[in-house]
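Examination of the molecular architecture
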Amino acid sequence: MTEDERWMDSAIREAEQAYKRKEVPIGAVIVREGKIVGRGYNQTETLQDPTAHAEIIAITAAAATIGSRRLEGCTLYVTLEPCAMCAGAIILARIPRLVFGAADPKAGACVTLYNIVQDRRLNHQVETVAGISEARCGALLKEFFGKVRENAL
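Below is a summary of the structure that appears in this document. Fair warning: this is a prediction, and the values are worked out from it, not measured in the lab. (Residues numbered from 1 in each chain as written. Predicted model: local features only at pLDDT ≥ 70, side-chain atom pairs only at ≥ 80, totals over all residues. Heavy atoms only, no water.)

1. Examining the overall build of the protein
Stated precisely, the cut-off is as follows: Only DSSP runs of H or I covering at least 4 residues are called helices, and only runs of E covering at least 2 are called strands; the numbering of each starts at the N terminus. Exposure is judged per residue with a 1.4 Å probe applied to protein chains only, and the accessible area is read against the type maximum: over 50% gives exposed, under 20% gives buried, and values in between give partly exposed. In this analysis, two residues are considered to be in contact whenever any of their non-hydrogen atoms come within 4.5 Å of each other. In this tally, Lys and Arg are treated as positive and Asp and Glu as negative; His is ignored, and so are the chain termini. To locate a charge, take NZ of a lysine, CZ of an arginine, CG of an aspartate or CD of a glutamate.
Helix and strand counts for the protein stand at five helices and five strands. Going from the N terminus to the C terminus, the protein shows its helices and strands as α-β-β-α-α-β-α-β-β-α. Summarising its shape, the C-alpha atoms of the protein cover approximately 45 × 35 × 30 Å along the three principal directions. Every one of the 153 residues in the protein was classed for burial, and the buried ones make up 47%. In the protein, once contacts between residues fewer than 6 apart in sequence are set aside, the share between residues at least 24 apart is 57%. The distance from the centre of the 19 positive side-chain charges to the centre of the 19 negative ones in the protein is 3 Å.

Now the structure itself:
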């Protein structure tokens, strides 16, 4: 297991917490110097907050842990490719590295539909690694939405 897969495993555990709470199962962890400094999972339904994405919650937690809005030296691991809102937050937080699992063909803003995090017109670009533990990340989402369609959740 690579280091990226190991940290993605932690993000998947966060996604499983979302699933248990009937939230879209997306999880995120932020790692700095070999330690998780922020973690989050989707809570948009629980909090009735459209900004309560896993990445936003993890970024907020990491900033509080580090004591800075600039998350330099950090890597964000997230189970699904970030949306435009989260990509913007990643830029604003100055996160240098993003690792995600499954691509998002409907809202992905880091590779699939857009590539906000590597847009040279912005003042910060992010090294991006896609497809880490992609099958596991995607399977969790497929299972969740299958149950939603069956009204089993």
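So, next bit.
2. Some words on the packing of helix α3 (residues 54-66) against helix α4 (residues 84-92)
For the record, the criterion: Only C-alpha atoms enter the line fits that serve as axes; for helices the fit covers just the stretch in contact. Angles between N-to-C directions range over 0 to 180 degrees. Here the word oblique covers every angle except those under 35 degrees (roughly parallel), over 145 (roughly antiparallel) and from 65 to 115 (roughly perpendicular). Crossing handedness follows the turn of the near helix against the far one: under a right angle anticlockwise gives a left-handed crossing, and clockwise gives a right-handed one.
Running from N to C, α3 and α4 point in directions that differ by 20 degrees, and their axes come no closer than 9 Å. Here α3 is positioned roughly parallel relative to α4, judged by the angle of their axes. Pair α3 / α4 crosses with left-handed handedness. Facing α3, whose interface residues are Glu55, Ile56 and Ile59, α4 presents Met85, Cys86, Ala89 and Ile90.

3. Examining helix α5 (residues 134-149)
Stated formally: For a helix, the expected span equals 1.5 Å multiplied by the number of residues minus one.
With 16 residues, α5 should cover 22 Å at 1.5 Å per step; its first-to-last C-alpha distance of 22 Å lies within 8% of that length. For α5, the complete set of buried residues consists of Cys137, Gly138, Leu140, Leu141, Phe144 and Gly146. Buried positions along α5 lie against α1 (3-20), β3 (74-80) and β4 (97-102). After α5 finishes, the residue Asn151 shows a positive phi value of roughly 55 degrees.

These figures come from the coordinates and say nothing about function on their own.
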